[in-house]
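# Tertiary structure, described
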Amino acid sequence: MQKTLKLLTLALFLSCFHLSVYAQQKADTTVTSIDADLINIFNQKTPKKYKIAAIKVTGNKYFDENLLISISGLNVGDEVVIPGGDNFSRAINKLWGQNYFSNVEIYITKLVGTNIDIEINVTERPRLSKFYFKGIGKSAVDDLNSKTGLVPGRVVTENMKRTASEAIRKYFFDKGYQNAHVTIQEIKDSTRSNSMDLVFLVDRGGKIKISDIYFAGNTIDAALLKKQMKGTKEKGHLTLFPSIDSGGFIRPQPYTFQQYMRDKGFLNFTDTRKVLSPYIRVKPFVSAKYNEKKYNEDKESIIDYYNSIGYRDAQIVRDQVFKNSKGNLDIDIQVSEGHKYYFGNISWRGNTIYSDSILTVILGIKKGDTYNMEILNKRLGKGGGAPDGSADISSLYLDNGYLFFRADPVETAVYNDTIDYEIRMVEGPQATIKNVRISGNDKTKEYVIRRELRTIPGEKFSRTDLIRSQREIAQLNYFNQEKIGINPVPNPDDGTVDINYSLEEKSSDQLELSAGWGGAIGLTGTVGVSFNNFSIKNIFSKKAWDPLPMGDGQKLSFRVQSNGRAFRSYNFSFTEPWVGGKKRNALTFSIYDTKFANAYDPLTGTYTAAAAGRSFLKTTGASVAYSKQLTWPDDYFSLSFSVNYTRYQLVNYAISQQLKLRDGTLFNNGISNNFNFKVALQRSSVNQPMFPTSGSTFLASLAVTPPYSAFNPGVVTQNDPYNFIEYHKWRFNGEWYVPLSKGTGEDHNKMFVLKLAAKFGFLGRYNPQLQISPFERFQLGDAGLSNQYALIGYDIISQRGYPVYETSNPRINPDQTGASQYFTMFNKYTAELRYPLSLNPSSTIYAESFFEAANGWYDLKDYNPFQLRRSVGVGMRFFLPMFGLLGFDYGIGLDRYTPGASLKDISRFTFMLGFEPE
């Protein structure tokens, strides 16, 4: 008869290690006697050592037996002392501590001499099968699925249920439901062994909002203090507010000035004047949720605000959040403002490079200015530099190589409301750049990056050079602009500094693919690629094709486009940005050939190749451009020169019904040659190409053809004066980017940015006896997408909210996609407010609202820069590296409005692809 001895039961008894010992037989036997040896194990007065001969685990369904034995710490061959030993209690504690079992017991199942066999019996906790939420909406369920941390298949523990309940309550607490209650139902899953479903019954209760925020002890207007509380707002409602201006206010019952002043906290104020005329002001209806974390942050913001206006001793001595009679929250905040302080005398000590007077001017703090320690530190260069973006003391020294510079402000006297400071300077030696290291450039050759850097080994350290180097790397557009890291590592022992650049490559190439079948038109499609980091020298190296020869910073693009029989275009260009490899002198070569045909045959009612051969416009050209970076007035300037030739062939194709030959016939057959020389002066200081947040871009250009009529006066009397066209074309573009807010942390570039732009164009002639060139004019209106008129050199100027227009009268705007004539001069002004939604290099997305004003004219004497078509609207921009820019705009043409017109009549939805139109 095999008997077993139950040694240890519930873990509840383990805390005091009380052992209940009794003998029992297995269920399939009948108890007839008690094994005296097993009883004597615990009855013996002297502890005795026993050796574990075998270990068995029972009750486990999901856990491996060997794993549980390992966790218990018991091993075959271990010696245990009975009674008095703690081996079994420690084993149960270890298994119980896993939180996977609801009960753990250890049995001695056999005793032979001093050898014992033991059995570890476990009762596994049930596992989670499914979980549900009841009493809440679908959106809340979707949010809580991830916030509760519940995962089917895991063991259900009290901690799991408690954590999930707390997550649910916190979720609704943050939404203003402070009394949310959660009840958990456990339902056994009959389809799975030892599994259960959890049902969370959620009672949100009523939403509790902040009704009023009261301040006491303040002399600063409570409205200014409430303004600092960005995350804690009062519930919108009506409040009494006396005012001398009745605009926008509603008269309530009588209200005295004495009552008003006492309500503002001046409890002893008395006034003998009669009743005033008060008004009711509507507080804005804003989110009034109470969030404890944001409330604590807002209290710190109040103190920061006090400090910024001179109250450096200000503190919140008491605050209370409590429910009012209506069940909402009121907040009482009592402040102790202390005295308002001012800056006194500021002296300098330890400075030898710059005089006291120069440092004082740069510091920009005068005696009598309101005390603000944050401003002082920023003017010294601590904590991000001067708040207005001006120079600070630190940048003055760092730009001159004094990397080890330090400035410490020390209070020297505090008297009445004035504080004197002494700025103690440690200038240190000038640091020399020792090593410049670059990492993360997996594709781009290191020399391509190094030639852009302003930090050269052997030269003096300069913070300005660091900032400029970061901008130049960003302008390459080969790297994630948000991940460009610059880490100066000072070496005080030898007065040098190592500079480490960390980069993350991104794709800057673009692919354009489309195909279709246009019925009678035929095959339509586009194949275009732009390689912006190409390596022409490795084009014949088999190893470099992985998948393409890349890394030398050259640009190669080609594009083939076809619209069946109606249109086809071939374009090829190549740019070497550093000719010779020593200076930023770029050389660009491009060729193109385009044909636009009237392929519709009215006799057959279809598009035919024969019709396309009878009426078409063909443009063939090439250009060579050379640009160089200038050093004066500064090195943001560049000067470019280009020589361009374009040949226009017209076969039964009229580009304008107003374009006539001298004999009065329509100019629709012939060849025109456009040979011009163009010079352009540009200055660009934008900080990054995709979403600029600061800087500006200016471009002034002049394109001129030879004055053929001066060489050959007979051109004036020729029937066809367009064989060699002559003109001079002036362009000016200016763009400014102004940050309106400041991002923080990882989102330091997430800010509102104001873009201001102005554009001007003028096309003139040498000889007044000749018409102004029919080519190179300006098309205004619509989305600015290229069309057939781009084939004849027209600059396409977009204006959102308007169709293409051809008159200078802003009130005349017929709904059309083209015009019969095009302007010789134009003005355009734009203001855009932008905000980035994503700055990820794989998808840069930003939203914008805009105001535009533009118009065109045909003659200088009609030019009126204030006679403009105006529009407003909103838009989105998506930049995908492989496909370029994708944009959508909804514009409202303000000057399109006529009495009875609807919003639909004066608005347009526009789309852009590949580039930002002018």
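Residues numbered from 1 in each chain as written. Predicted model: local features only at pLDDT ≥ 70, side-chain atom pairs only at ≥ 80, totals over all residues. Heavy atoms only, no water.

The omega torsion across Trp-632 and Pro-633 is 0°, close enough to zero to call that bond cis. Relative to the helices and strands, Pro-633 is located in the loop between strand S28 (616-629) and strand S29 (637-651). The phi dihedral of Glu-776 is positive, around 65°, even though this residue is not glycine. In this structure Glu-776 comes out as buried when scored by relative accessible area, which is 13%. Although it is not a glycine, Asp-782 adopts a positive phi angle of roughly 65°. When you line up the elements, Asp-782 lands in the loop between strand S34 (778-780) and strand S35 (795-797). (Helix = DSSP H or I, 4+ residues; strand = E, 2+ residues; numbered from the N terminus. Buried < 20%, exposed > 50% of the residue type's maximum accessible area, 1.4 Å probe, protein only.)

In this section: the packing of aromatic side chains. Tallied over the full model, the rule gives 37 aromatic pairs. Measuring from ring centre to ring centre gives 5.3 Å for Tyr-708 and Phe-724, while their planes differ by 50°; the resulting arrangement is tilted. Residue Tyr-708 is found in helix H15 (residues 708-711), and its partner Phe-724 is found in the loop between H15 and strand S32 (728-739); the two are separated by 16 residues along the sequence. The ring of Tyr-62 is capped by Arg-127, whose NZ or CZ atom sits 4.4 Å from the centre of that ring. (Phe/Tyr/Trp six-rings, centres within 6.5 Å; stacked < 30°, edge-to-face > 60°. Lys NZ or Arg CZ within 6 Å of the ring centre and 35° of its normal.)

Attention shifts here to the pairing of strand S25 (residues 585-597). In this structure, strand S24 (residues 567-576) lies alongside S25, joined through 10 bridges in antiparallel fashion. Bridge pairing in S25 places Tyr-570 opposite Asp-593. (Pairing = 2+ DSSP bridges.)

This next bit is on a positive patch on the surface. A cluster of basic side chains, namely Lys-147, Lys-175, Arg-204, Lys-207, Lys-289 and Lys-294, defines a positive patch on the protein surface. Mapping Lys-294 onto the fold places it in helix H8 (residues 292-308). (Patch = residues over 30% accessible without salt bridge, like charges linked within 9 Å, V, L, I, M, F, W, Y side chains within 5 Å. Areas by Shrake-Rupley, 256 points an atom, 1.4 Å probe, with all protein chains shown as cover. Salt bridge = Lys/Arg side-chain N within 4 Å of Asp/Glu carboxyl O. Lys, Arg positive; Asp, Glu negative; His and termini not counted. Charge placed at Lys NZ, Arg CZ, Asp CG, Glu CD.)

Counted under the stated rule, the structure contains 47 salt bridges. Where Arg-312 meets Glu-411, a salt bridge forms, and the shortest distance between an N and an O atom there is 2.4 Å. One end of the pair, Arg-312, is in the loop between H8 and strand S13 (315-323); the other, Glu-411, is in strand S16 (residues 406-415), with 99 residues separating them in the sequence. Notably, a salt bridge pairs Lys-434 with Asp-494, separated by 3.5 Å at the nearest N-O pair. In this pair, Lys-434 sits in strand S18 (residues 432-439) while Asp-494 sits in the loop between strand S19 (485-491) and strand S20 (496-502), placing the two residues 60 residues apart along the sequence. One continuous salt-bridge network, built from bridges that share partners, spans Arg-800, Lys-828, Glu-832, Arg-834, Glu-848, Glu-852, Arg-877 and Asp-889.

Next up on the list: the confidence of the model for the protein chain. Residues of the protein chain with pLDDT of at least 70 account for 86%, and the chain-wide mean is 83. Every residue in residues 238-255 scores below 50 in pLDDT, and together they form 43 contacts with partners more than four places removed in sequence or on other chains. (pLDDT = per-residue confidence, 0-100. Contact = heavy atoms within 4.5 Å.)

The next thing to look at is the packing of helix H2 (residues 65-72) against helix H3 (residues 87-96). Their axes nearest at 8 Å, the elements H2 and H3 cross at an angle of 120°. It follows that H2 is oblique to H3 by the angle criterion. From H2, Leu-68, Ile-71 and Ser-72 reach across to H3, where they touch Ala-91, Lys-94 and Leu-95. Tallied by class, the residues present in the contact of H2 with H3 amount to four nonpolar, one polar and one charged. (Axes fitted to C-alpha atoms, helices over the stretch in contact; angles between N-to-C directions. Parallel < 35°, antiparallel > 145°, perpendicular 65-115°, else oblique. Nonpolar A, V, L, I, M, F, W, Y, C, P; charged D, E, K, R; others polar.)

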